[in-house]
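Coordinates in review
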Amino acid sequence: MEAMAQPKYKGKRYRLDKPELLAPAGNLEKLKFAVHYGADAVYIGGQKYGLRSNADNFSFEEMKEGVEFAKKYGAKVFVATNIYAHNEDVEGIESYLRSLEEAGIAAIIAADPAIIEVAKRAAPKLEVHLSTQQSTLNWQAVKFWKDEGLPRVVLGRETSIEEIATIKEHVDIEIEAFIHGAMCSSFSGRCVLSNHFTDRDSNRGGLLPILPLGNTICLRYGREDNGNWVSEEVQMMEQRASRPSPFKPGVTQIPLFQPEDNQFTMGSKDLCMLEHIPDLIEVGIDSFKIEGRMKSIHYVATVVNVYRQAIDSYMADPEHYVLKPEWIEEINKAANRPLNTGFFYDTPDHEDHIYEPEEKAVPYDFAGLVMAYDKHSGTAVIQQRNHFKPGDEIEFFGPEGTFFKQVVGPIQDEDGNELNAARHPLQLIRLQVDQPVRNFDMMRKRKG
């Protein structure tokens, strides 16, 4: 590929010499993988005040362990406290934030002004980063938050790269932007459909990802005898909910879908800005944020690893930077849905949404984790994470671009007994490898 053209933008970063790579971590193990594979910082959730109540989330003891691990690599840990609090949520916030400060957390990500003000007063060592939940899209709003004393704003996903350039021209503040992961068919951070369909408040941690899943929920409309329209949510899964219809006798029901139709709602493609690293860096974005605290270890490690290589490659020699095809191949191995550039260059249209079930699935499984390697015998000890057996084609990958393929040869358990398959979760397997590997290198295999 040809080297890049002259940069389009001349934005300046605030406080950072190079952009921060910020990774999600749904639990302590994911935090360690994210940091080991190149994240400069990770964002996690505690057991209160965050928007991912279904994630494993962290106790204070786990936070302390995570902070100590991250420090060894020069990385930081942020905690999402980004709910919009109701009155009953307010009690306990002050002591919670002080505990975060004591655990060594570098910053919180907050949206509610009440939480922001409490943090500034009660835990002054905690930086406060404004959450994307505030849907901040313009330089005047960014300036408002800078004047409030915040050092960083996480922009709404709907902000274009031209708007970011304007923000950087007007306000000297850190800008954090999502550059990879799930989008939303609604206005991001404002999902009322989750509230309506499930009676779970998306802005208090109860969000269920209805839209991207598809084939789950549609609406059934009906007209009462008096002419008024009413609606009923209908489960479109094979296992339909067995509950009585709320319609009164005499209502004529008009289904949104006919039986022969493709019973699918809507969903957005995933964001991927890997092919536009130069623009992201030159416009002056301070922190590149990856979405996905609910995603797998394989996803986090793969995505962080690729963006780490791309960022470092550009920063080392901007004039001769090239996008490597293998980076795109790697990203696709962790992709859950088709990819696009979100709102960065244009407003997404019908081609940027998913209207029918996707044939594409995650094509690779995380099969094993390297626990040890003997260079004299060329043997690795692998902790099994998914079924594999002799004859399977596998791939090893690790930080800094480590990558090779091979076929699984004879395998043994810890006692030297030969096995016909690695079936048991976390079982330790001895395996001959074609090239040297290191602790934390991962082994994967194609599905099917």
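Conventions adopted
- Residues numbered from 1 in each chain as written.
- Predicted model: local features only at pLDDT ≥ 70, side-chain atom pairs only at ≥ 80, totals over all residues.
- Heavy atoms only, no water.
- pLDDT = per-residue confidence, 0-100.
- Contact = heavy atoms within 4.5 Å.
- Pairing = 2+ DSSP bridges.
- Helix = DSSP H or I, 4+ residues; strand = E, 2+ residues; numbered from the N terminus.
- Salt bridge = Lys/Arg side-chain N within 4 Å of Asp/Glu carboxyl O.
- Buried < 20%, exposed > 50% of the residue type's maximum accessible area, 1.4 Å probe, protein only.

1. A closer look at the confidence of the model for the protein chain
Interpretation of this model should avoid reading the predicted coordinates in detail wherever pLDDT is low. When pLDDT is averaged across the protein chain, the result is 84; 77% of the residues are at 70 or more. Within the model, the stretch residues 210-243 combines pLDDT values under 50 with 93 contacts to residues more than four positions away or in other chains.

2. Looking at the sheet that holds strand 22 (residues 428-432)
One open sheet holds the eight strands; their spatial order is 19-18-23-16-17-22-20-21, and the pairing between them is antiparallel. Two strands in the sheet have a free side with no partner beyond their single neighbour: strand 19 (402-407) and strand 21 (418-419). Of the pairings in the sheet, the one linking strand 20 (residues 411-412) to strand 21 comprises two bridges and is antiparallel in character. By the bridge assignment, Gln412 is partnered in strand 21 with Glu418.

3. Side note on the pattern of salt bridges
Considering all chains together, one arrives at 28 salt bridges under this definition. Across the pair Glu20 and Arg152 runs a salt bridge, and its minimum N-O distance is 2.8 Å. Of this pair, Glu20 sits in strand 1 (residues 20-24) while Arg152 sits in strand 6 (residues 152-154), and the two are 132 residues apart along the sequence. Residue Glu20 is classed as buried on the basis of its relative accessible area of 7%.

4. Regarding the pairing of strand 17 (residues 379-384)
Counting buried positions along strand 17 yields six of six residues, so the element is predominantly enclosed. The two faces of strand 17 match: Thr379, Val381 and Gln383 on one face and Ala380, Ile382 and Gln384 on the other face are all buried. Relative to strand 17, strand 16 (residues 364-374) runs antiparallel, the two being bridged by six bridges. Bridge pairing links Leu369 to Gln383 in strand 17.

5. A closer look at the environment of Lys143
Note on placement: Lys143 falls in helix 6 (residues 139-147). For Lys143, a relative accessible area of 36% gives the class partly exposed. The spatial distance from the C-alpha of Lys143 to the C-alpha of Ile167 is 8.7 Å, given a sequence separation of 24 residues.

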